[in-house]
Amino acid sequence: MTKIKICGLFLPRDIDFVNAAQPDYAGFVFAKSRREIGEDAAREFRKRLDPSIQSVGVFVDAPVERVLRLYDDGVIDVAQLHGQEDSDYIAELKKHTGLPVIKAIRVDSREDILRAKSTPADYPLLDNGAGGTGARFDWSLIKGLDRPYFLAGGIGADNIDRAFALCPYCIDVSSGAETEGVKDENKIRHLVIKTRGGAS
């Protein structure tokens, strides 16, 4: 069954929304963004997050030490990398921990799908490049990707069924779970229910 991640939680009430809806993953952005969250706030949020929901830290070219600190402190379960992090960076993370790693790949062409196939990360994340913008890339390019992957970029209630048809390991939603720039409880619930195969 396809999993779902609700990304970009930055208000205290967002934790209440995901605890009620029960997605598989909740994302905290530790990079410059309107959804950026500080480490202290993330620690508090994590304490309130249902332990059955895995927390994902989203980073852009962060020092390895910062990622490892948040993992060691129990703030994140998974690292999601959106910068120029290379194979050596990923290997360094993996050497010190059992930390699962997601590596974002900007998809503009079939060559990018080949890069996704070869990343040493546990999962490639296919996106349009600029996370959280609500823009979708050409999903027809995905054909032939034969490893589990996260699908992001412009996914919402209007096209999540099309996303399911691509058989991603996980659907990653940020702006599609928002209204006027903040997380929307009803949208989150609807997206999770759809992912679980129910009617909302």
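As shown above, the structure is provided for reference.
Asker: I would appreciate a short explanation of unusual backbone geometry in the present structure.
Answerer: Most of the time, phi is negative for any residue but glycine, and the peptide bond is trans. Of note, Asp61 is a non-glycine position whose phi angle comes to about 55 degrees, a positive value. Mapped onto the secondary structure, Asp61 falls in the loop between β3 (54-59) and α3 (64-72). Even without being a glycine, Glu180 presents a positive backbone phi close to 55 degrees. Summarising the element assignment, Glu180 is placed in the loop between β9 (178-179) and β10 (182-183).

Asker: Teacher, can you tell me more about the pattern of salt bridges here?
Answerer: A side chain with one charge can pair with a side chain of the opposite charge if their charged atoms come near. Using the criterion set out here, one finds 19 salt bridges in the structure. Between Arg69 and Glu39 there is a salt bridge, with its nearest N and O atoms 2.7 Å apart. Placement of the pair is Arg69 in helix α3 and Glu39 in helix α2 (residues 39-48), with a sequence separation of 30 residues. For Arg69, a relative accessible area of 37% puts it in the partly exposed group. Classification of Glu39 by relative accessible area gives buried; the value is 16%. Between Glu85 and Lys103 there is a salt bridge, with the nearest N and O atoms lying 3.6 Å from each other. You can see Glu85 sitting in the loop between β4 (78-81) and α4 (87-96) and its partner Lys103 sitting in strand β5 (residues 101-106), a full 18 residues away along the chain. Both residues of the pair, Glu85 and Lys103, count as buried.

Asker: What should I look at first to understand the pairing of β5 in this one?
Answerer: A regular strand places its side chains so that they alternate between the two faces of the sheet. Burial analysis of β5 places 5 of its 6 residues in the buried class, the great majority of the element. Note: β4 against β5, 3 bridges, orientation parallel. Opposite Gln80, over in β5, you have Ile102 as the bridge partner. Pairing geometry for β5 and strand β6 (residues 123-127), over 5 bridges, is parallel. When the bridges of β6 are listed, Ile102 appears paired with Tyr123. Crossover β5 to β6 through helix α5 (residues 110-118) is right-handed.

Criteria and cut-off values
Residues numbered from 1 in each chain as written. Predicted model: local features only at pLDDT ≥ 70, side-chain atom pairs only at ≥ 80, totals over all residues. Heavy atoms only, no water. Helix = DSSP H or I, 4+ residues; strand = E, 2+ residues; numbered from the N terminus. Salt bridge = Lys/Arg side-chain N within 4 Å of Asp/Glu carboxyl O. Buried < 20%, exposed > 50% of the residue type's maximum accessible area, 1.4 Å probe, protein only. Pairing = 2+ DSSP bridges. Right-handed = clockwise from strand over helix to strand, strands pointing away.

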